[in-house]
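Here is how the chains run, residue by residue.
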Amino acid sequence: MTAPPVNQAGTRRALLIGVQEYRHISNLGGCVNDARLMESVLRNRFDFTHCTRLENEEATRAGILLALDTLAEETRPGDVVVFYFAGHGSQRVDREGDEPSGFDSTLMPVDTWGKFGTPEQNLDITDDEIFLWLERLAAKTSAITVIVDACHSATITRDAEFDVPGFAVRGLPPDSRPPTVPSPIPPELWPRFGGGAGTRRAEGGARRDTAAGWLPLHEQYVLMSGCRDEELSGEFLWPLEDGSTARHGALTFFLARALQRATAGTTYRSVFEDVAAKVTQVRQGKQHPQMEGKGDRVLFGLDEMPPMRYVRLAGVNDAGTAVTLAAGAALGVTLGTAVALYPADTVSTDAKAPLARATVTEVRPFDSTAVLIEASITGDMATAARAVLTPILATDVRRPVRIDQAAAALVPAAEWAAMTTLLGETTVVRLVDQPEPSAITVTAWPAERTGTGPSWMLTGADGQPVAPPKLFSETMAVVHNLTVLARQALAMTLDNPDPASALARQRPTMQLLRKAPDGSWRLADPAAGGLPVFQEGEFAGVRIVNPTDQPLYFALLMFGLSGKVMPLYPPEGATEFLAAGPPVDLFTLPGRGMRVVLPNVYPFEPGGTLPVRDEGQGTLKLFVTTTPASFAFLHERDGVRSGAPAPPPDSALQLLFEQQLGATRDFMPEEPAGPIDDWTTVVVSYVVRRAPA
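Nothing here was measured: the structure is a model prediction, and the numbers come from that model.

Considering helix H4 (residues 250–261)
Residues lying three or four places apart along an α-helix face the same way, a consequence of the helix completing one turn every 3.6 residues. Taking 1.5 Å as the rise per residue, H4 with 12 residues should run 16 Å; its terminal C-alpha atoms sit 17 Å apart, in good agreement. The buried fraction of H4 amounts to 11 of the 12 residues, a majority that puts the element mostly inside the structure. Here H4 has its buried residues at Ala250, Leu251, Thr252, Phe253, Phe254, Leu255, Ala256, Arg257, Ala258, Leu259 and Gln260.

Below is the structure:
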């Protein structure tokens, strides 16, 4: 049965669940924040009018199942539906005979005991139960989105392994006891998802071969999840732009901001690739978000979104001097943000004067206050409904570094003093005392932990290594590794914040190509999990399309698995423009191929007792401008540069990059860097796997 097409005028519905204060198992800290943040984005950016949110004690097994049933009953043909869950995930022994692994993945309601109580007290909701509910929805609509910020890994053992300040894992160990409690699903329904007969395939084409290890694939919905089946989905204490902190899951934090920036025509894939690259970067390659389903569909099936980026105006104060905006620190709003107010029917700011202008003076987690500039009011404020924000760029986004003072006892005094002095002089990092998601901790490990002798160690927010150990005498090498990681992090996050950017609304596309055995080039289709997968040694190409009616200038950078930022195209010193219209293929000519490899550095080669990875995630980032610009300043070069003054910036982008690094100069150019009319970025990620032996 084919579901009705999306009704653009239909009801937009969401069920959002955030559980962090569990009755019987370990608590989390950011799940309620996540559910509230996602509801805010759905209501205020995508006009979802029917949202149900269950928090903590409301989210019992019975309460969640009732809410699911109610949503399925109330959904009408062509409605848009989103299901979101943030909390603990786990696994339990499969009772329906459909799981190749022998385990069902589960969502953990507030009243479950999981594996820690009697079998009857395990009240987890299984993926099979969710799938049967989704089939009911799929008979009514083809616009279904499932977002799960949790993990279902069989590798989770105990929380104590991740007892790191500011970091927590959203998952608990599997319940591996033989099933003594019958399945809540009647046996006659097991064939719907491949149960009983062991076919691993449901009607309508559902399959179990998903990298997330969760729901079967289905034509009618798109699933985004926090990590692969064998990985851990993390939550952090995030520093917000207003100076406060808040706990959020890594997936939700970046997804909410990407959704807020979405415009008409934005696809699931474009959002996912941006989010996946940022989550993987902040988790140092240990968490890879997954997407299953038709990712090339337009986000939520909504073709009729206004092309401009805006936030909803939540209200005007009684005096008519200030407004409340339905976006706050969690979505990047800062003090001083400039606001332009427009009527509800505004779809573009081009050549249109605002009703009034305002400046943000107070920021809260999910909303903010802006004071009107009286002289700017030109229209009836009663008609104002949409606010276009021009954010204030962060003045210091250097990579945070924390020195583990407890490690001083392991390090000779001279080497410890040299390290602390060098870190204080390194311009691309800033020293912090409290944990942050992107912070790197400089610590020391004894010989039994490194296998190579007592050493300096750089660790991420989860306490795991992000670089190979270095002997205490190799202080400069440690600082060099920090510099590489810091520059890569900033270059990865660099994007145009201008809400009026025309290129952001009509962004060029970039796709990866794969060289076939016969020498032809084909699109590298995403594998299970949402990203293309290359075996080490394969050749890859890149296809770029300029959808505008003007030539654009571009530079393609690779964010390598070793941490370096490397130019791919054009050659250094050259300027390349991209003509409008036909696609441009790079690295497909004979003798100019791009071979995909795993680097011979940590963590892809043996190094003492540290684990070795057989695959990694790489990212290509395309910088596109309407005027010529050099991107050489983004390239990561070997060695730590210090002492000599850097050359002056030769473009506005370089100046922006340096301002965000908090860099200072001994001299500046007589004239400011040349203007760039407009610019944007496009990100594509891919997986590289070690070739079978």
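Once you've had a look at it, read on.
A few points about unusual backbone geometry
In this structure, the amide linkage connecting Tyr569 to the following residue, Pro570, adopts the cis form with an omega of -5°. The residue Pro570 is located in the loop between strand E31 (565–569) and strand E32 (577–578) in this model. If you check the backbone angles, Asp47 has positive phi at about 60° while not being a glycine. With respect to the helices, strands and loops of the structure, Asp47 is situated in the loop between helix H1 (31–46) and strand E2 (50–55).

Describing the pattern of salt bridges
In the structure shown here, the tally under the stated rule is 27 salt bridges. Salt-bridge contacts for Asp274 lead to Arg261; the nearest nitrogen and oxygen are separated by 3.0 Å. With Asp274 in helix H5 (residues 268–282) and Arg261 in helix H4, this residue pair connects regions lying 13 residues apart in the sequence. The buried category is assigned to Asp274, whose relative accessible area is 15%. According to the relative accessible area criterion, Arg261 is partly exposed, its value standing at 30%. Across the salt bridge formed by Arg364 and Glu362, the nearest N and O atoms sit 3.2 Å from each other. A residue is classified by how much of its surface remains accessible, and Glu362, at 42% relative accessible area, is partly exposed. Through salt bridges with shared partners, a single ionic network connects Asp34, Asp149, Arg170, Glu235 and Arg247.

Side note on the confidence of the model for the protein
Per-residue confidence for the protein averages 81 on the pLDDT scale, and 84% of its residues sit at or above 70. Looking at the elements of the protein, mean pLDDT is at its lowest for strand E9 (residues 201–202), recorded as 34, and at its highest for E2, recorded as 98. pLDDT under 50 marks residues 154–163. Its contacts with residues more than four places away, or in other chains, come to 19 contacts. In this model, residues 660–674 is a region of pLDDT below 50 whose contacts with residues beyond four sequence positions or in other chains number 37 contacts.

Rules of the game
Residues numbered from 1 in each chain as written. Predicted model: local features only at pLDDT ≥ 70, side-chain atom pairs only at ≥ 80, totals over all residues. Heavy atoms only, no water. Helix = DSSP H or I, 4+ residues; strand = E, 2+ residues; numbered from the N terminus. Expected span 1.5 Å × (residues − 1). Buried < 20%, exposed > 50% of the residue type's maximum accessible area, 1.4 Å probe, protein only. Salt bridge = Lys/Arg side-chain N within 4 Å of Asp/Glu carboxyl O. pLDDT = per-residue confidence, 0-100. Contact = heavy atoms within 4.5 Å.

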